[in-house]
Amino acid sequence: MIRSDPELLAAVGPRVRKSPFFDATVRAGLSAVSTYNHMWLPMSYGDPASEYERLTTGVSMWDVAAQRHIEVSGPDADALVQLVTAVDITRAEPRHAIYAPMVDPTGTLLNDPVLLHWPDDTWRFSIADSDVRLWIDAIRHGRELDTGVRELDTATLAIQGPRSTDVLGGLGFDWFCDLEPSEMRRASLDIDGDTVDLVVSRSGWSNQGGAELFIDDPSQCESIWERVAAAGASYDIGPGAPNATERIENVLLSYGTDTGYQADPIELGLADHLDLDGPEFIGRSALRRIRDDGPRRRLTGAVIDGADIDVLAHPVPFVVDGTEIGQLRAATHSPRFDRNIGLALVGADAVSGATGRVDLPDGERGARLVGLPFDDSSGD
């Protein structure tokens, strides 16, 4: 059981799983969780300001086991993976990964996973929060492809921040800096005399640099957590989580949060990641029409007036001259820009500089649309 406030308990049952790092995170002071892919995902350890500071100036370690791996293997694996991704998968060489949005036949975004070309030449999708395994498996059956599709027990531990390379060196991975972005390498750690195999990837859901450790044996996760904590002790490593403030500052898309569930990747600003004139994939013709006709909405930035705000929990209407032009999907106070900023999904004809209002939980605020990415002039 997890206590969410003095009067409310949240039960962990078979429909909401615990991470193999869970007990270690509780010992480290876990104070808030969310659910992600039917698993508890740490959100905070009680001091958001320090967690942001640690991520942006030092080094942070995250339990992101809820970032599930869906494996596709077998003779027709390449064909299936190509069908369900809106990119040319040949761009992902073995031991490398690419961002690979998935859409349905109407072009609606279903998930925006990272596609990992695993060292054994199988494929893995490291997925956002949706039951995308069911979609991939349905396409496999419908096309009668000779593949296996399964969710793995792989757990991911992220080490993020400017001092992450020091921690990786302390783990014996001095070669980490030689990796290209999103490149993977097999590695091992000695844990109490036992050799534990893992894969190290130069990746992570922050703009601060770092690695993800992919661990296929969940029974070793707590020991690896403690080993990483020890290697980072002299660099003041501490527990953290995917950081809402840092990711909004750097416009790292959060599927569902920023997008809702009826958005297409072009209106979300992902056109440069798509290969619309490459190999055939499900939804390609729909995305081509959207590209040629122009999207109906666009994801843009917003600056919100008034006192510092906490992270926005739910989207709210963005109103200009009495008319709702879209929604403020996510917002936070930014230490980097010293103002309240957010991401808004608005009509395609909405112009940067348009001023309006948003009704936040503490009352109505003035707000203005700005271009992305954010910069120091965004509040001018």
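Since this is a predicted model, take the numbers as computed values, not measurements.

1. Observations regarding the sheet that holds strand β6 (residues 69–73)
Right, so step 1: With antiparallel pairing, five strands are arranged side by side in an open sheet as β7-β10-β11-β6-β12. Both outer strands of the open sheet, β7 (97–99) and β12 (148–151), are each paired with one neighbouring strand and no more. Pairwise comparison of adjacent strand axes, ignoring direction, gives a mean angle of 20° for this sheet.
Right, so step 2: Two strands pair when backbone bridges link them, and strand β10 (residues 114–117) and strand β11 (residues 123–126) are joined in this way by four bridges, in the antiparallel orientation. What sits directly across from Leu-116, in β11, is Arg-124.
Right, so step 3: On the sheet, helix α4 (residues 132–142) packs against β6, β11 and β12 and is oriented at approximately 170° with respect to β12.

2. Quick notes on the side chain of Asn-250
Right, so step 1: Topologically, Asn-250 is positioned in the loop between α7 (244–249) and α8 (284–293).
Right, so step 2: The class of Asn-250 is buried, set by a relative accessible area of 18%.
Right, so step 3: Within the structure, the side chain of Asn-250 is placed 3.1 Å from the side chain of Asn-207, a separation counted as a polar contact.
Right, so step 4: Excluding residues within four positions of it along the chain, Asn-250 makes contact with Asn-207, Gln-208 and Arg-336.

3. A word on the pattern of salt bridges
Right, so step 1: Considering all chains together, one arrives at 20 salt bridges under this definition.
Right, so step 2: For the salt bridge of Arg-27 with Glu-226, the shortest nitrogen-to-oxygen distance reads 3.4 Å. Of the two residues, Arg-27 is situated in helix α1 (residues 22–27) and Glu-226 in helix α6 (residues 221–231); the sequence distance between them amounts to 199 residues.
Right, so step 3: Residue Arg-27 is classed as exposed on the basis of its relative accessible area of 54%.
Right, so step 4: By relative accessible area, Glu-226 is classed as partly exposed at 37%.
Right, so step 5: Between Arg-91 and Asp-275 there is a salt bridge, and its shortest N-O distance comes to 3.1 Å. Of this pair, Arg-91 sits in the loop between α3 (77–83) and β7 while Asp-275 sits in the loop between α7 and α8, placing them 184 residues apart in sequence.
Right, so step 6: Residue Arg-91 is classed as partly exposed on the basis of its relative accessible area, which comes to 42%.
Right, so step 7: One network of salt bridges, in which partners are shared, links Arg-17, Arg-68, Glu-151 and Asp-153.

Calculation criteria
Residues numbered from 1 in each chain as written. Predicted model: local features only at pLDDT ≥ 70, side-chain atom pairs only at ≥ 80, totals over all residues. Heavy atoms only, no water. Pairing = 2+ DSSP bridges. Helix = DSSP H or I, 4+ residues; strand = E, 2+ residues; numbered from the N terminus. Axes fitted to C-alpha atoms, helices over the stretch in contact; angles between N-to-C directions. Contact = heavy atoms within 4.5 Å. Buried < 20%, exposed > 50% of the residue type's maximum accessible area, 1.4 Å probe, protein only. Polar contact = N/O pair within 3.5 Å; in protein donor to acceptor, adjacent residues only side chain to side chain. Salt bridge = Lys/Arg side-chain N within 4 Å of Asp/Glu carboxyl O.

These values are about where atoms sit, not about what they do.
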